[in-house]
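# Summary of structural features
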Amino acid sequence: MTLNAEVMGEFNKIFASYGLDLVRYKPAFIKRRLDRRMRILDISEYSQYALVLKNDRKEFEEMFLSLSINVTNFFRDSTVFDRFQLSILPQILSGIGERRKIRVWSAGCASGEEPYSIAMLFKQVIGKMTNLDIEVVANDVNKMAIQFAERGRYPAKSVESLPLNIIENNFRKITDDQNNVEYEVVQSIKDMVTFKSGDILSDTIQSFDVVFCRNVLIYYEKEAQELILTKFYKGLRDSGYLVLGMDETLFGKRCQKLFDPLMARERIYKKISQPNN
Ligand SMILES: C[S@@+](CC[C@H](N)C(=O)[O-])C[C@H]1O[C@@H](n2cnc3c(N)ncnc32)[C@H](O)[C@@H]1O
């Protein structure tokens, strides 16, 4: 089945009516997900599926799940966090001079596991250095994900595979009358993170030491990826760091001039203060 620009535009309007902006996403990615839902519902025409999607919120929720764009975990790809802690954090600490404040942005933070993991990592390393202030700013276009993140309560299965010391130092176990278990992020970690709902493309960002933007760019078309990466470049301090997802790279030639790949496997990059042209 072919999905022409006109039909794609129709689907984008329907997504937007539910508050989901997919205009800059890769059409091939959206097509695969539409096709999958249509096969499950035994629908062969896009126009017919568009009608269903338009009038049935439950189907939109199924479609949203099938896009799985909110998938995340605490300390996702733990080797990235390990390398960041061992090699990057010491460099940041030795470079801050008199400033005493470190700012980190978690762009596309979904339900909050990433920014909380970052806060936990910083607290573990610099916990006793009381003269340092860590600010983690986290945003996502999905308002519901941000509301969930602000509450900071996670089902047991999201937490129980973490190392025991991380659980003990950063979560409070809550058991309700029916013996359901949840874990709530402790207040000292919540205090380090500020959540905002908003689009990376329209948010103003400034003076960050690190930007984590993991598993977000992968959904976007090349032009949008370049716009976002250029934005990160401008929003980072000189010699700031950028951390991408394991399946993401510095796509366009232009962006490759902006960042040095420090750890190629972990996708950790350093801003080049004065890029060569
Ligand atoms: C797969 S999740 C990644 C979460 C986390 N960064 C991680 O790697 O585990 C992608 C998130 O990016 C968000 N997102 C996508 N485009 C965005 C944009 N333009 N601005 C802000 N958030 C965006 C989605 O809503 C989703 O929650």
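Reference entry: report on the structure contained in this document. (Residues numbered from 1 in each chain as written. Predicted model: local features only at pLDDT ≥ 70, side-chain atom pairs only at ≥ 80, totals over all residues. Heavy atoms only, no water.)

We now examine the site of the ligand. What surrounds the ligand is a group of 19 residues, the closest being N70, T72, D140, N215 and Y220. At 3.3 Å, a backbone N or O of V141 approaches a nitrogen atom of the ligand. In the model, a nitrogen atom of the ligand is placed 2.9 Å from a nitrogen or oxygen of the R214 main chain. Protein contacts shield 99% of the accessible area of the ligand, which totals 600 Å² for the unbound molecule. Judged by the proximity of its atoms to the pocket grid, the ligand belongs to the second largest pocket. A per-class count over the shell around the ligand returns 9 nonpolar, 5 polar and 5 charged. (Near = heavy atom within 4 Å. Polar contact = N/O pair within 3.5 Å; in protein donor to acceptor, adjacent residues only side chain to side chain. Areas by Shrake-Rupley, 256 points an atom, 1.4 Å probe, with all protein chains shown as cover. 1 Å grid on protein atoms, 1.4 Å probe; cavity = no way out; pocket = protein on both sides within 12 Å on 5 of 7 lines; lining within 4 Å. Sits in = over half its atoms within 2 Å of the grid points. Nonpolar A, V, L, I, M, F, W, Y, C, P; charged D, E, K, R; others polar.)

This part is about the layout of surface pockets. In this approach a probe as big as a water molecule rolls over the atoms, and the regions it shows empty are the leftover space. The space that makes up the largest pocket amounts to roughly 620 Å³. Taken together, 24 residues line the largest pocket, and the ones lying closest to its centre are F64, N70, N142, M144 and A145. Among the secondary structure elements, those contributing two or more residues to the lining of the largest pocket are α4 (57-67) and α7 (143-151). Sorting elements by how many residues they give to the lining of the largest pocket places α4 first, with 5 residues. (Points joined across faces, edges and corners; volume = space filled by probe spheres on them. Helix = DSSP H or I, 4+ residues; strand = E, 2+ residues; numbered from the N terminus.)

Here we take up the sheet that holds strand β1 (residues 101-107). Sheet strands pair via backbone hydrogen bonds, and the direction of the pair is either parallel or antiparallel. The 7 strands are arranged β6-β2-β1-β7-β8-β10-β9 in an open sheet whose pairing can be described as mixed. The sheet is open, and its two edges are formed by β6 (193-197) and β9 (259-263), each paired on a single side. The sheet shows a mean angle of 20 degrees between the axes of neighbouring strands, direction not considered. The pairing of strand β2 (residues 133-140) with β6 spans 5 bridges and is parallel. Of the residues in β6, the one forming a bridge with V137 is T194. Sitting on the sheet, α7 is in contact with β2 and β6, with an inclination near 160 degrees to β6. (Pairing = 2+ DSSP bridges. Axes fitted to C-alpha atoms, helices over the stretch in contact; angles between N-to-C directions. Contact = heavy atoms within 4.5 Å.)

Packing of helix α3 (residues 46-55) against α4 leaves a shortest axis separation of 5 Å and a crossing angle of 105 degrees. It follows that α3 is roughly perpendicular to α4 by the angle criterion. Residues Y49, V52, L53 and N55 of α3 pack against R57, E59, F60 and M63 of α4. Of the residues belonging to the contact of α3 with α4, the class tally is 5 nonpolar, 1 polar and 2 charged. (Parallel < 35°, antiparallel > 145°, perpendicular 65-115°, else oblique.)

What follows covers the side chain of T72. Residue position: T72 is located in the loop between α4 and α5 (78-95). Given the relative accessible area of 16%, T72 is considered buried. (Buried < 20%, exposed > 50% of the residue type's maximum accessible area, 1.4 Å probe, protein only.)

We now examine the packing of α5 against helix α6 (residues 113-126). It is the contact of α5 with α6, at a shortest axis distance of 11 Å, that shows an interaxial angle of 60 degrees. In terms of axis orientation, α5 runs oblique to α6. Like other packed secondary-structure pairs, α5 and α6 cross with a definite hand, here right-handed. Between α5 and α6, the residues in contact are F81, F84, Q85, L89 and L93 and S117, I118, L121, F122, Q124, V125 and I126, respectively. Looking at the contact of α5 with α6, its residues break down into 9 nonpolar, 3 polar and no charged. (Left-handed = near helix turned anticlockwise from the far one by under 90°.)

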